[in-house]
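# Observations on chain architecture
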Amino acid sequence: MIGLGTIINSAFVLAGGLMGFLFGKALKDSYQDIMVKACGLSTIFIGASSTFKQMLTITNGSLGTQGEMMLVVSMCLGGLLGEILAIEDNLERFGQWLKIKSHSERDPRFIEGFTSASFTICIGAMAIIGPMNDALYHDYTILTTKGILDMIIVMALTASMGKGAVFSVIPMAIWQGLMTVMAAFVGPLMTDAALANLSSVGNVLIFGVGVNLAFGKKLKVANYLPALVIAVIWALF
């Protein structure tokens, strides 16, 4: 069944949100704060280590790098395009709409929880390669593994930021659903180079999500999402 991987992933996210909502009420503010920062620091190092894995090379015993120009161009052009399209602002407006529809007007951290969790579980190579494997090979392994990781992250963010984090399942399901549908068309274009570029840029964005979680919002991460598209296009030329 095509799309089963995303359904499994979504179920894990909802389970994590439920556990976080139930246990979060028992946590003091200081405990909630330390959990958010722990998620942030962990996300920073996950993004950094994965980026270095893609960019660092060893040739004849010498350490080198690759993909620097691709990364700079993709991030600069992607960030500019995202700023023009106001992706971050639109996502926050959607979060505000969800806040009203879910009768959470008194929850001061609803939008913060929604956007933080959405960025964390939607950005990254697993959120693209997983749906592609689901559609092309009926392989749900990547999305199942991602679901377990997402469950832990959403549980911690829900416990510390409130139920807004649970609603991150909506953009995640939409995003991965679109990736699954598009796999039949973009699959042949996803060469090893394209996947490597995608992974590098995606992991830099994950690093940015971690910075926002650990140190407060410093970066408009959503506005850099077009960089993923530019990174793939770069590999085609």
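Residues numbered from 1 in each chain as written. Predicted model: local features only at pLDDT ≥ 70, side-chain atom pairs only at ≥ 80, totals over all residues. Heavy atoms only, no water.

## Quick word on the overall build of the protein chain
Counting its regular elements, the protein chain contains ten helices and two strands. Reading the secondary structure of the protein chain in the N-to-C direction produces α-α-β-β-α-α-α-α-α-α-α-α. Its C-alpha radius of gyration of 18 Å places the protein chain within 12% of the 18 Å reference for a compact globule of 237 residues. Here the C-alpha coordinates of the protein chain stretch approximately 55 × 40 × 35 Å along the principal axes. Here the protein chain, with 237 residues, has 47% of them falling under the buried criterion. Carbon and sulfur atoms make up 72% of the accessible area of the protein chain, which amounts to about 12,100 Å² in all. Computing the positive centroid from 14 side-chain charges and the negative centroid from 14, the protein chain places the two 9 Å apart. (Helix = DSSP H or I, 4+ residues; strand = E, 2+ residues; numbered from the N terminus. Rg over C-alpha atoms; globule rule 2.2 N^0.38 Å. Buried < 20%, exposed > 50% of the residue type's maximum accessible area, 1.4 Å probe, protein only. Areas by Shrake-Rupley, 256 points an atom, 1.4 Å probe, with all protein chains shown as cover. Lys, Arg positive; Asp, Glu negative; His and termini not counted. Charge placed at Lys NZ, Arg CZ, Asp CG, Glu CD.)

## Re helix α6 (residues 126-137)
The set of residues buried in α6 consists of Ala127, Ile128, Gly130, Pro131, Met132, Asn133, Asp134 and Ala135. Looking one or two places after α6, you find His138, whose phi comes out positive at around 55°.

## Description of the pairing of strand β2 (residues 62-65)
A regular strand places its side chains on the two faces of the sheet in alternate fashion. Where strand β1 (residues 56-59) and β2 come together, four bridges link them in antiparallel fashion. Looking at β2, one finds that Thr59 is bridged to Ser62. Once β1 ends, the chain turns through two residues before running back antiparallel as β2, passing Asn60 with a positive phi of about 55°. (Pairing = 2+ DSSP bridges.)

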